[in-house]
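# Working through the structure, step by step
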Amino acid sequence: MPEAQQDRSLDARARANLGLLATCQALGQACNTMMLAATALSVVTFYANRDLATLPVTMQHLGVMLWVFPAAMLMQRMGRRFGFRVGSIFGMAGAATIGTGLYNGSFVTMCAGGFLLGYAVACLHQYRFAAVELVPMSHRAKAISWVTAGGIVAAFVGPSLVRWTHDQWMPFYIGTYAAIFLIHAVVFTIMSFIRFPEMAATVPGVRDPAAMAPRPLAEIARQPRFIAAVVSAMVGYGVMVFLMGASPLAIVGCGMPHSEAHMVILMHVLGMFVPALFTGNLITRFGTTRVMTVGVVLLFAGVAAGLAGLSEWHFRAAMTLNGVGWNFLFVGATTLVTTCYRPNERGKVQALNDFLIFGTTAMMSFTAGFLQERLGWFALNWFSLVLLCVAALAVVWLRLREGRPVPAAA
């Protein structure tokens, strides 16, 4: 179908739904960016053990890993809108808890707040799958990319709010967590205006979806496409979190001001989400695995820049390339996963996908602060090179097995 005809096939309601979902993505990702930019620096204002400065963020990733199955299955049963609004409630509770922990100087309470925020982030990562359900199949990759592009706003809103709020109230960064609370309240409200389809959707080409019984999860997970998608997403997301989580500590440790750490995070988040304006088109034109391959190459380039030096521009280049590489690899992997399941299987498959990805990010986030303090920035980058080789092998293996680039709507 010609490009122009495909674009016209999206009616006004679908475009409005995607726009509102992208807005929620922007706001939710802004909260996530604020959490990543502020937490380690806020912990070290009162907690002496700098090795554990990233633990509240690690608890958030652990929360994502543990909450993805309950969140996805709740949406499968009660619908997307209900599930997403529950996520916003957890976001408000988590922000209030972590802010209370900072105010009282309680590291344990901050970790508990991070764990609660994990549910909100688990729901945030369901937005990309919900986007697919709002559009025709031919727009699958584009819908994922367009909603992910909401993070462009987050790239400005998140770091800007951290810069503006971090010293408004005492202790430092307490205002940041108050802002996170308010943003989740706004997302809760916006969800009332999005019309999600019923979860019992039809299977293309099959009149009665009930005639096709759901397959066992193990059978679905054995598909080469699912294996390659999950492995590459685990590595790509893990390396991104590993280096982004440690970068503020590394930057400040090199004698640069906190504002430089905020700038690097801004450039990194721009790298993550600006390409989403065209990633879907690239996948549609060149195929999923080719775009994923470019993503791996860009992640390698980011690590090379990180190993080249410790100036502000080395950090900026490294984390910007890291963000762009993550976008290509993650959007491609997500598109690939959506070709592996039927509508009545999506809840458990999406949950397994995110469980494996965020189990990896939880581990990487925890080790980031420890290794940064013990071994330094260069050691983190060398370790990332080894992990990226695994992602490269997964993508190459799938391309060789398929015999051709995997199309976007296979």
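Residues numbered from 1 in each chain as written. Predicted model: local features only at pLDDT ≥ 70, side-chain atom pairs only at ≥ 80, totals over all residues. Heavy atoms only, no water.

On a plain count of helices and strands, the protein chain comes out with 17 helices and zero strands. For 410 residues, the compact-globule estimate of 2.2 N^0.38 gives 22 Å, and the C-alpha radius of gyration of the protein chain, at 20 Å, lies within 12% of that figure. The principal-axis extent of the C-alpha atoms belonging to the protein chain is close to 60 × 45 × 40 Å. When burial is assessed residue by residue, the protein chain has 57% of its 410 residues classed as buried. (Helix = DSSP H or I, 4+ residues; strand = E, 2+ residues; numbered from the N terminus. Rg over C-alpha atoms; globule rule 2.2 N^0.38 Å. Buried < 20%, exposed > 50% of the residue type's maximum accessible area, 1.4 Å probe, protein only.)

For the coordinates displayed, the defined rule picks out 16 aromatic pairs. Between Trp 67 and Tyr 119, the ring centres sit 5.2 Å apart and the planes meet at 70°, which makes this aromatic pair edge-to-face. Remark: Tyr 119 occurs in helix H5 (residues 107–124) and Trp 67 occurs in helix H3 (residues 55–78); sequence separation between them is 52 residues. Judged by relative accessible area, which is 4%, Tyr 119 ranks as buried. (Phe/Tyr/Trp six-rings, centres within 6.5 Å; stacked < 30°, edge-to-face > 60°.)

This paragraph deals with H5. Taking 1.5 Å per residue, 18 residues should reach 26 Å; H5 reaches 25 Å between its end C-alpha atoms and fits that length. Of all the 18 residues making up H5, 13 are buried; the element is thus mostly covered by neighbouring parts of the structure. (Expected span 1.5 Å × (residues − 1).)

Attention now goes to the confidence of the model for the protein chain. For the protein chain, the average pLDDT comes to 84, and 92% of its residues sit at 70 or higher. In the predicted structure, residues 1–8 sits below a pLDDT of 50 and forms nine contacts with residues beyond four places in sequence or in another chain. Ignoring residues within four places in sequence, the model shows residues 201–210, a span with pLDDT below 50, making eleven contacts including any to other chains. (pLDDT = per-residue confidence, 0-100. Contact = heavy atoms within 4.5 Å.)

Here we come to the side chain of Arg 316. Counting through the fold element by element, Arg 316 comes out in helix H15 (residues 312–337). Given a relative accessible area of 12%, Arg 316 falls into the buried group. Within the structure, Arg 316 has its side chain in polar contact with the side chain of Glu 260 (distance 2.7 Å). Setting aside its immediate chain neighbours within four residues, Arg 316 contacts Glu 260, Met 263, Val 264 and Met 267. (Polar contact = N/O pair within 3.5 Å; in protein donor to acceptor, adjacent residues only side chain to side chain.)

All right, on to the state of the cysteines then. All told, the structure shown has zero disulfides when counted by the stated rule. Cys 31 carries a free sulfur, and the closest cysteine sulfur to it, the one in Cys 24, is 11 Å from it. Residue class for Cys 31 comes out buried when judged on its relative accessible area of 4%. (Disulfide = S-S within 2.5 Å.)

What the rule picks out here adds up to six salt bridges. Among the salt bridges present, the one from Arg 80 reaches Glu 133, with a minimum N-O distance of 2.6 Å. Linking Arg 80 in helix H4 (residues 80–104) with Glu 133 in helix H6 (residues 127–133), this pair joins segments that are 53 residues apart in sequence. Ionic pairing is found between Arg 342 and Glu 345, a salt bridge with its closest N-O pair at 3.8 Å. (Salt bridge = Lys/Arg side-chain N within 4 Å of Asp/Glu carboxyl O.)

Once that is clear, we can look at the environment of Ala 53. Among the structural elements, Ala 53 can be located in the loop between helix H2 (12–43) and H3. Measuring from C-alpha to C-alpha, the distance between Ala 53 and Val 43 comes to 5.7 Å, with ten residues separating the pair along the chain. Excluding its chain neighbours within four sequence positions, the residues that come into contact with Ala 53 are Thr 39, Ala 40, Val 43 and Val 44.

At a closest axis distance of 8 Å, the pairing of helix H8 (residues 151–165) and helix H12 (residues 258–273) adopts a crossing angle of 170°. By the angle class used here, H8 and H12 are roughly antiparallel. Regarding H8 and H12, the two cross each other, and that crossing is right-handed. For the pair H8 and H12, the contacting residues are Gly 151, Ile 152, Ala 154, Ala 155, Phe 156, Pro 159, Val 162 and Arg 163 in the first and His 262, Ile 265, Leu 266, Val 269, Leu 270 and Phe 273 in the second. (Axes fitted to C-alpha atoms, helices over the stretch in contact; angles between N-to-C directions. Parallel < 35°, antiparallel > 145°, perpendicular 65-115°, else oblique. Left-handed = near helix turned anticlockwise from the far one by under 90°.)

Turning to a nonpolar patch on the surface, a few remarks are in order. There is a patch of nonpolar side chains on the surface, built from Val 274, Leu 277 and Phe 278 and spanning about 250 Å² of accessible area. With respect to the helices and strands, Leu 277 occurs in helix H13 (residues 276–286). A relative accessible area of 51% means that Leu 277 is categorised as exposed. (Patch = residues over 30% accessible without salt bridge, like charges linked within 9 Å, V, L, I, M, F, W, Y side chains within 5 Å. Areas by Shrake-Rupley, 256 points an atom, 1.4 Å probe, with all protein chains shown as cover.)

Below, the discussion takes up helix H16 (residues 346–374). Taking 1.5 Å per residue, 29 residues should reach 42 Å; H16 reaches 42 Å between its end C-alpha atoms and fits that length. Of all bends in H16, the biggest is about 30°, found at Ala 368. Positive backbone phi, approximately 100°, marks Gly 376, located one or two places after H16. (Bend = angle between axes of the 7 residues up to and from the residue.)

Grouped together as the largest cluster of nonpolar side chains are 113 residues, with contacts concentrated most on Leu 21, Tyr 127 and Tyr 177. The element contributing the most residues to this core is helix H11 (residues 224–253), with 17 residues. Those residues in contact with Leu 21, other than ones at most four positions away along the chain, are Tyr 127, Ala 130, Ala 131, Leu 134, Val 147, Met 191, Ile 194 and Phe 196. Val 132, Ala 141, Phe 328 and Val 331 belong to the second-largest nonpolar core, a separate cluster that totals eight residues. (Core = buried A, V, L, I, M, F, W, Y, C linked by side-chain atoms within 4.5 Å.)

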